[in-house]
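What follows is the residue order along each chain.
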Amino acid sequence: MDIFEILLSASFWTAAIRIASPLIFATLGELICERAGVLNLGIEGIMVAGAFAGWMAVYSGTGLWMGVAVAMAVGMLFGLVHSLLTVPFGLSQHVVGLGVTLLATSLTYYAYRLALPEVTSPPKIEAFQPYEVPFLSDIPLIGPALFAQTPLTYLAFILVGVVGLVLYRTPLGLALRAVGENPSAVAAQGLSVTGIRMGAVIVGSGLMAVGGAFLTMSAFDSFFFEMVNGRGWICIALVVFGAWKPGKALLGAVLFAAFDALQIRVQQMPLGADIPYQVFLMMPYFLSILALIVMSRRAEVPAALMVPFNKGER
Amino acid sequence: MRLEPVANPSLLRTTVPPAIAIGSTVVIASLLAMAAGANPFSVLGLILKGAFGSKFALLETLNRATPLIFTGLSVAVAFRARLWNIGAEAQLYAGALITVVLGTGLLQWGAFALLPTLVIASVLAGALVLLVPALLKVRFGVDEVVTTLLFNFIFLLFISMLLEGPLKDPMGMGWPKSERLISEARLPRIVDGLRLHWGFALALIAAVVVWVIERRTTLGYEMRAVGLNREAAGFAGIPVNTVLIKTALLSGGLAALAGFSEVAGLKGNLTLDLSPGFGYTGIVVAMLALLNPLAVIAAALFVAGIFVGADSMSRAVGVPSYLADIMLATALLLMVLAILLTRFRVVRE
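Residues numbered from 1 in each chain as written. Chains lettered and ligands numbered in written order. Predicted model: local features only at pLDDT ≥ 70, side-chain atom pairs only at ≥ 80, totals over all residues.

An unreviewed UniProt entry annotates chain B as Nucleoside ABC transporter membrane protein originating from Roseovarius pacificus. Check the Subcellular location (unreviewed entry) section of the UniProt entry for chain B; it says "Cell membrane". (UniProt positions renumbered as here; feature names shortened; annotations may be inferred.)

For chain A, an unreviewed UniProt entry supplies the name Nucleoside ABC transporter membrane protein and the organism Roseovarius pacificus.

Structure, rendered in structure tokens:
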């Protein structure tokens with residue numbers, strides 16, 4: 001099987017969309033935060049916490065959608081911590097973000113050890129199953145890829161549209177974009193910069209956690225340490241690649257995931273046998289860096305990104 | 001609410017918030033210990049005892065603090081100039097890598113020639129690893145936070161590749177580990193019979209050197225100026241990009257010394273679990289030290305103590321040792337807030 005055949009196979013694109021789904025949730029979450037002017041480096045840890053919380057909830061007997069809600073709530077809680085420190089107090093977004101990642105990760109591992117002290121391999125749950133959309137899933141190639149996925153994947157794609165609509169077509173979205181560009185102007189309108197920014201970080205963190213939960217509740221059916229494995233950092237690169245726009249970010253996530261799916265398959269080809277597997281595993285990270293280099297020249301960074309707003313200053 | 005600078009902070013204002021931050025960290029740790037079904041007082045006592053309670057414990061803490069001093073210094077130097085180096089982990093492994101490449105028999109020199117060579121080679125290797133993200137930042141404006149983070153993953157995979165390939169110890173029973181250093185490449189113990197190697201002394205020297213660079217040289221002045229206000233520094237004629245590159249070289253080199261010291265002083269070979277996140281923990285160390293190079297020593301001892309103590313506590317009463325990481329994260333977040341509150345007052349609208 002050569003690379004061309006792989007690219008024309010439905011299973012390849014099905015895998016690519018599946019790999020893209022958690023990235024879409026988390027990238028949207030990060031995008032919302034950054035559009036409001038807050039870099040959220042808590043993303044990696046929040047994804048870990050979401051992955052565990054959703055899975056643990058389902059394992060303890062709640063329904064799958066309840067599990068998603070629990071993951072989201074946990075993510076929002078960490079978002080609250082992050083936004084309290086970075087928005088009203090204006091603390092370094094780098095330090096607070098890394099601190100939140102450390103806190104969320106270590107709390108998750110602690111909770112895991114407490115909940116399951118003696119297990120060597122973590123228990124499995126009944127994860128989300130693919131749902132084939134009638135008729136549409138029969139379309140060759142894109143049918144199975146786009147319309148025979150789990151409900152969470154459909155939700156990810158719907159959310160891209162919803163976030164785009166809210167950002168560009170509602171007063172709330174306008175206010176959110178404005179606090180990321182020119183917070184003083186928003187304050188002059190009598191709106192609360194602090195409130196809007198905190199809200200954005202809290203909602204965005206909730207989405208990151210759902211991205212994590214996708215891993216344990218849809219892509220796999222169990223929780224492992226190191227399972228997020230840098231996906232959060234990749235999402236930060238995807239936000240830049242997507243020029244802070246939901247549609248482009250979606251495109252970036254799918255492209256990235258397609259590349260990831262491709263490298264897994266090339267590893268198993270005769271061509272890939274002589275190359276150490278680590279080279280393939282490095283590729284996604286290299287690709288992210290490359291994307292950053294290519295996009296950085298024309299990126300339209302939100303003007304007030306990482307600039308705290310303190311009323312009465314200047 | 002808004003923040004208002006306090007002109008002459010009182011003694012109360014400068015001491016109470018940090019004390020509350022430490023106190024709250026202890027309270028949170030106690031609650032979590034209770035959630036694990038343990039007596040919080042005995043857990044905290046065991047952590048203290050495990051960290052500082054005996055000669056063995058104390059030496060273990062000093063050994064654990066050694067790499068943290070290096071990575072803490074690395075982060076402190078970089079953050080001072082607002083160069084966000086989150087890649088100390090990769091730079092640490094670069095130092096460890098060059099140490100085993102040169103020190104396992106390639107250079108058959110006496111210790112007095114070999115050890116300084118390894119130190120210099122490590123510094124250069126680490127500097128080179130951070131040079132790439134620094135150049136990407138200066139040339140293309142690529143955010144170094146993301147690139148240094150991603151380089152950590154890339155570099156660890158690179159090490160894994162080498163340990164399963166050209167660097168693999170043929171006598172290693174199939175484990176991915178390097179050959180052992182020749183005895184001339186090993187850092188001796190400071191005092192015979194005590195398990196503490198010269199890496200610790202090197203770390204202390206590094207802290208003093210960094211302090212001197214920061215406070216007593218033009219470069220240090222420029223680094224601080226760039227960190228305080230990049231535009232103003234550029235306007236005042238400071239070559240901002242050159243300063244950032246120099247800072248990166250210094251920061252990367254310091255982190256690499258952690259890798260050298262761990263391999264040459266403690267482990268003797270390179271494995272994939274050489275560092276349990278020393279690079280990331282260096283960020284906590286640097287922040288707790290308020291980026292002051294000399295305070296990094298104390299912060300590293302504190303952080304190392306929590307880790308060593310929590311390990312020993314965990315073995316004794318079965319509370320997961322992740323409690324240490326939680327305590328550090330909490331201390332970090334509360335401490336940056338506390339430091340802010342020593343200088344600003346919160347005004348209600």
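Additional details are given in the paragraphs that follow.
### As for the interface of chain B and chain A
The partner chain A presents 40 residues to the 39 residues of chain B that form the contact. Looking at the side of chain B that touches chain A, the elements that each hand over two or more residues are β1 (2-5), α1 (11-35), α5 (111-140), α6 (144-164), α11 (278-288) and α13 (322-343) of chain B. Tallying contributions element by element places α13(B) first for the side of chain B that touches chain A, with twelve residues. Taken together, the residues of the side of chain B that touches chain A sort by class into 32 nonpolar, five polar and two charged. (Contact = placed C-beta atoms within 7 Å. Helix = DSSP H or I, 4+ residues; strand = E, 2+ residues; numbered from the N terminus. Nonpolar A, V, L, I, M, F, W, Y, C, P; charged D, E, K, R; others polar.)

### A closer look at helix α10 (residues 240-267) of chain B
With 28 residues, α10(B) ought to run about 40 Å at 1.5 Å a step, and its terminal C-alpha atoms sit 39 Å apart, in line with that. Of all 28 residues in α10(B), 20 are buried, a share of seventy percent or more. (Expected span 1.5 Å × (residues − 1). Buried ≥ 20, exposed ≤ 12 C-beta atoms within 10 Å, placed from the backbone.)

### Focus on the UniProt feature "transmembrane region" (unreviewed entry) in chain A
Residue and element names in this part refer to chain A. With numbering aligned to this structure, UniProt lists the feature "transmembrane region" (unreviewed entry) at residues 6-26, 38-58, 64-87, 94-112, 146-168, 198-217 and 278-296. Annotated as residues 198-217, this span is 100% helix and 0% strand, and its ends, taken at the C-alpha atoms, are 28 Å apart. Along residues 278-296, the helical share is 100% and the strand share 0%, with 27 Å between the first and last C-alpha atoms.

### Structural notes on unusual backbone geometry
A positive phi angle is found at A:E226, which is not glycine, with a value near 60°. If you trace the backbone, A:E226 turns up in the loop between α10 (193-219) and α11 (231-241). Residues other than glycine seldom take positive phi values, yet B:R82 does so here, at roughly 55°. Structurally, B:R82 is set in the loop between α3 (55-80) and α4 (88-103).

### A few points about the environment of B:L115
Residues and elements named next belong to chain B. By the element assignment, L115 lies in helix α5. Among the residues examined, L115 registers 21 C-beta atoms within 10 Å and is labelled buried. Distance from L115 to G103, taken between C-alpha atoms, is 8.8 Å for residues twelve residues apart in sequence.

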